[in-house]
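Summary of structural features
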Amino acid sequence: MKLINFLNDLFKEDGFILIDYNSNRYVIGKPLKEIPMELQLLDKSLHKKLLFHPDLYFGEAYTNGSLRLKNGTLTEFLDIAFKNIGRADINIYGKTLNKIKGTLKYLTSFNKIVKSKQNVGIGFDVHRLVPNRKLYLAGLKIKSKLGTLGHSDGDPVLHSITDAILGACQMGDIGQLFSDKNKKFKNIRSTILLQKVIEKINNGIMFHLIKMH
Ligand SMILES: [Zn+2]
């Protein structure tokens, strides 16, 4: 397959496993990790698209899920790509390399998810006010005789924000991620929950929170 040859010419330092649409596995370059990163193509058309227009299709395929990374994060994959793109002896690929650089730029400097209206997230939350509970709003402890009832610290501001972010990224909702049946999350600070969500997103894709109302 042409894409395999192309990638093998490109990746000399470190590498990964490419799994094509037909589930064939190819070692690209020389993976350093004991369990190498896997790049799986779930759409047959990607074989050609990535060969000729990686700049246009890498980011799109990653965001729509037809290109999947296993045993590593997108950042790790881009690091390996950067290492190889930086080598002097592969300048013969000038044009293509520029395209790949374009892809990296696409993924790191702006993000389709934020620009797309489909990915606007809305969150709202309600907690009952009761005695003998603390009151947290937007991560801050508020002096109050009443506090919010909840499995976690019951911070409705942070729950709304977390839910809106999850919705915008099409990652479900706060209840799915942090079940109120799980003892681990009993009385947990919502700042920690939000932090976990941001980490999850950062592991997958560079996400820039542009505006939050
Ligand atoms: Zn809540």
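Computed from a predicted model, the values in this text were never measured in an experiment.

A look at the overall build of the protein chain
Looking only at helices and strands, one finds 9 helices and 8 strands in the protein chain. When the 213 residues of the protein chain are sorted by exposure, 22% land in the buried category. In the protein chain, 52% of the contacts between residues at least 6 apart in sequence involve partners at least 24 apart.

Notes on the nonpolar core
Grouped together as the largest cluster of nonpolar side chains are 18 residues, with contacts concentrated most on F16, L46, A61 and L67. In this structure, L67 is in contact with L39, L41, L46, A61 and Y62, ignoring residues within four places of it in sequence. Judged by nonpolar contacts, the second largest core, of 9 residues, contains L158, L166, F178 and L193.

Some remarks on the environment of L7
Take L7: it is sitting in helix α1 (residues 2-10). Spatially, the C-alpha atoms of L7 and L51 are 8.8 Å apart, while their sequence positions differ by 44 residues. What L7 contacts, discounting residues up to four positions off in sequence, is L18 and I28.

Things to note about the pairing of strand β1 (residues 15-19)
Pairing analysis gives 5 bridges linking β1 to strand β2 (residues 25-29), with the strands arranged antiparallel. In the strand pairing of β2, G15 is matched with G29. Taking the residues that link successive antiparallel strands as the turn, the β1-β2 hairpin has 5 residues, and the phi of S23 there is positive, at about 65°.

Describing helix α7 (residues 156-168)
Spacing of three or four residues puts side chains on the same side of an α-helix, whose turn is 3.6 residues. Here α7 spans 18 Å end to end across 13 residues, near enough to the 18 Å set by a 1.5 Å rise per residue. Once α7 finishes, Q170 follows within two positions and takes phi at roughly 55°, a positive value.

A look at the sheet that holds strand β3 (residues 38-41)
Spatial strand order, β2-β1-β3-β4: 4 strands in an open sheet with mixed pairing. Looking at which strands have only one partner, the edges of the open sheet turn out to be β2 and β4 (67-70). Pairs of neighbouring strands in the sheet enclose a mean axial angle of 25°, with direction left out of account. Here β1 pairs with β3 via 3 bridges, running parallel. By the bridge assignment, I17 is partnered in β3 with E38. Along the sheet face, α1 touches β1 and β2 and points at about 25° away from the line of β2.

Criteria and cut-off values
- Residues numbered from 1 in each chain as written.
- Predicted model: local features only at pLDDT ≥ 70, side-chain atom pairs only at ≥ 80, totals over all residues.
- Helix = DSSP H or I, 4+ residues; strand = E, 2+ residues; numbered from the N terminus.
- Buried ≥ 20, exposed ≤ 12 C-beta atoms within 10 Å, placed from the backbone.
- Contact = placed C-beta atoms within 7 Å.
- Core = buried A, V, L, I, M, F, W, Y, C linked by C-beta atoms within 7 Å.
- Pairing = 2+ DSSP bridges.
- Expected span 1.5 Å × (residues − 1).
- Axes fitted to C-alpha atoms, helices over the stretch in contact; angles between N-to-C directions.

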